[in-house]
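Remarks on the overall topology
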Amino acid sequence: MTVALSPDLVAQADSFLVDFDTRANPWEFFQRLRETAPVLRTSSGTWLISTYADCQSVLKDDRLSRREAALRTSALPAGDAADQYTTRLVCEDGANHRRLRRIVNLPFAPRNIARWTPRIMSVAEDVLARRRQPRSMDFLEEFSYPLPIRVLCELLGVPHEDHARMGVWMSVLLEHINETASEEFTKQKMDAMVGLSAYLRDLVAERRAGAPQDDLMSAMIATEAEGDRLSERELIGILAELLHAGFESTANMMADGLHCLLEHPEQQRLLAEQPQLAESAVEEMLRFATPVLHALPRVALEDITLPSGGTVAQGVLVLALVASAARDPEYVQRPDEFDITRQDNPHIGFGLGEHYCLGASLARGEAVSTFRLLAQEMLATMRIDGPIAWKDHHIVRGLEALPIAW
Ligand code: HEM
């Protein structure tokens, strides 16, 4: 399909890749893309895919390689740290990816994660209990960041006294690194990676040597024992990936979701009156305020024509804009309406296909526990209590701070 592109749309697409102001409120831009250029080539050569059908197709097509993209976009100098960094589920393709997923899927399956609900709820209650007086807080700093890191550490079996150390490593590792990063920053990041890897290596060795505990690390080691085995590099890589992938996304999903609720007072009231709506509310937050704007890049291994008729050329980097797919009127009715009672909501905020989010059940569990608790305790009178700013992040659409009072 040949599409006459307006230069200002390409300019907007270029700025979307680097400018967080465009990322903070991308909805009109996404609509223009879907309507006029569903498969668009930016000046840097990255292709943006914006309709639901095309994103679905990209995420399910094994002719689009995550491994190639990971190797191409890694800004770390070649060596051990870079090798460790690309030993992750989301950097693998095909048979090796399937092998790794088979080993780690079971502990993260919905029925196994459901067992952890009481523990997740008690962490959420504990984090909230510390914030009751005064009746105000920065929700991000005081609730939605501490909660996922504590839940992940507890579920993985990281001892309590090491949670703070883990938080520090994660904050360094989550800072985006690119070709323009300073030497000092690259070193800081490499040190954090080496420190975290060494720490996880000791913890794994302890678990393998001792009796299994009631935690996900023991569960991963136990499924291993039933057949295939993860190499040490793979196990460390996946554990670091879980901490990495499970932290920023969940924290922002909860904060963006709460922000959305507070901007729609009738929906806020509804949830405060009916906390049992927490599950559909969380699905709608994931659709309407999708925190992960796009899936990670893929490289097209051959020319591929998508359902919209656009073709991505062999060798190019492709970004599936899952947040744009979530507002596509071809797949969802009233796409720009935030409705926490919405049923039949097959958003792709957790991706799709082989790389579908491993932690989706866990993230849902954390968010549903949180919104149920907020609805029971303080949502009815809650309000935004200060200026809001969006943060500069390369993938996640998230707030810098969310000051609230109740
Ligand atoms: C609301 C929170 C979350 C959102 C929106 C989210 C979103 C996503 C998305 C869109 C992908 C697909 C990436 C791609 O195909 O390029 C993904 C993959 C992944 N996520 Fe999540 N995620 C969340 C929470 C979590 C949590 C809590 C964990 C783990 C504890 C986790 C672990 C992973 C892993 C390991 C992958 C890679 C899976 C693979 O490649 O096989 N995520 N996530």
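Read on for a plain summary of the structure. (Residues numbered from 1 in each chain as written. Predicted model: local features only at pLDDT ≥ 70, side-chain atom pairs only at ≥ 80, totals over all residues.)

1. Overview of the overall build of the protein chain
The test is simple: Helix and strand labels come from DSSP, where a helix needs a run of H or I of at least four residues and a strand needs a run of E of at least two; each type is numbered from the N terminus. In this scheme the burial state of a residue depends on its C-beta neighbours within 10 Å: 20 or more other such atoms mean buried, 12 or fewer mean exposed, and anything in between means partly exposed; the C-beta positions come from the backbone. Each residue is represented by a C-beta atom placed from its backbone, and any two residues with such atoms within 7 Å are regarded as in contact.
The helix and strand inventory of the protein chain stands at 19 helices and 12 strands. Expressed as lengths along the three principal axes of its C-alpha atoms, the size of the protein chain is roughly 60 × 50 × 40 Å. Burial statistics for the protein chain: of 406 residues in total, 41% are counted as buried. Counting only contacts in the protein chain whose residues sit at least 6 apart along the sequence, the fraction spanning at least 24 positions is 74%.

2. Comments concerning the site of the ligand
Our working definition: Near, as applied to residues and a molecule or strand, means the residue's backbone-placed C-beta atom lies within 6 Å of it. Ten residue types, Ala, Val, Leu, Ile, Met, Phe, Trp, Tyr, Cys and Pro, are classed as nonpolar, four, Asp, Glu, Lys and Arg, as charged, and the remainder, Gly among them, as polar.
Taken together, 26 residues lie near the ligand, and Gly-246, Ala-295, Gly-351, Cys-357 and Gly-359 sit nearest. Counting residues per element, the ones that place at least two in the shell around the ligand are α15 (232–263) and α19 (360–377). Considering each element in turn, the shell around the ligand owes the most residues, 7 residues, to α15. Grouping the amino acids of the shell around the ligand by side-chain chemistry returns 17 nonpolar, 7 polar and 2 charged.

3. Overview of helix α4 (residues 52–60)
Burial analysis of α4 places 7 of its 9 residues in the buried class, the great majority of the element. Taken as a whole, α4 has its buried residues at Tyr-52, Asp-54, Cys-55, Gln-56, Ser-57, Val-58 and Leu-59. Its buried side turned inward, α4 meets β1 (39–41), β2 (46–49), β3 (64–65), β5 (298–300), β8 (317–320) and α18 (322–325).

4. Points about the sheet that holds strand β4 (residues 136–138)
This is how it is decided: The pairing criterion is simple: DSSP has to find at least two bridges between the two strands.
The strand order across the open sheet built from 3 strands is β4-β12-β9, with neighbouring strands paired in antiparallel fashion. A single partner strand is all that each edge strand has here, and the edge strands are β4 and β9 (383–384). Two strands pair when backbone bridges link them, and β9 and strand β12 (residues 403–405) are joined in this way by 2 bridges, in the antiparallel orientation. Opposite Ile-384, over in β12, you have Ile-404 as the bridge partner.

5. Some thoughts on the packing of α15 against α19
Rules: Each axis is a line fitted through C-alpha atoms, taken for helices only over the stretch in contact, and angles between the N-to-C directions span 0 to 180 degrees. Take the far helix as the reference: if the near one is turned anticlockwise from it by less than a right angle, the crossing is left-handed, and if turned clockwise, right-handed.
Interaxial distance between α15 and α19 falls to 10 Å at its minimum, and their mutual angle equals 35 degrees. Pair α15 / α19 crosses with right-handed handedness. Residues Gly-246, Ser-249, Thr-250, Met-253, Met-254 and Gly-257 of α15 form the contact with α19, whose own contacting residues are Leu-362, Ala-363, Glu-366, Ala-367 and Thr-370. Of the residues assigned to the contact of α15 with α19, the class counts are 5 nonpolar, 5 polar and 1 charged.

6. Some remarks on the pairing of β2
Within a regular strand, the side chains alternate between the two sheet faces. For β1 and β2, the ladder comprises 3 bridges, and the chain directions are antiparallel. Residue pairing for β2: Leu-40 is matched across the bridge by Leu-48. Between β1 and β2, which follow one another and run antiparallel, lie 4 residues, and Gly-45 among them has a positive phi close to 95 degrees. In this structure, β2 lies alongside β8, joined through 4 bridges in parallel fashion. What sits directly across from Ile-49, in β8, is Ala-320.

7. Concerning the sheet that holds β8
For sheets, the rule is that strands pair by backbone hydrogen bonds, running either parallel or antiparallel. Taken in spatial order, the 5 strands line up as β1-β2-β8-β5-β3 in an open sheet, and their pairing is mixed. Taken across any chain shown, the strands that pair with only one partner, and hence form the sheet edges, are β1 and β3. Where helix α5 (residues 66–73) meets the sheet, its contacts fall on β3, β5 and β8, and the angle it forms with β5 comes to roughly 110 degrees.

8. Details of the pairing of β8
As defined by bridge partners, β5 adjoins β8 across 2 bridges and the pair is classed as antiparallel. Each residue of the ladder has a partner; that of Val-299, found in β8, is Leu-317.

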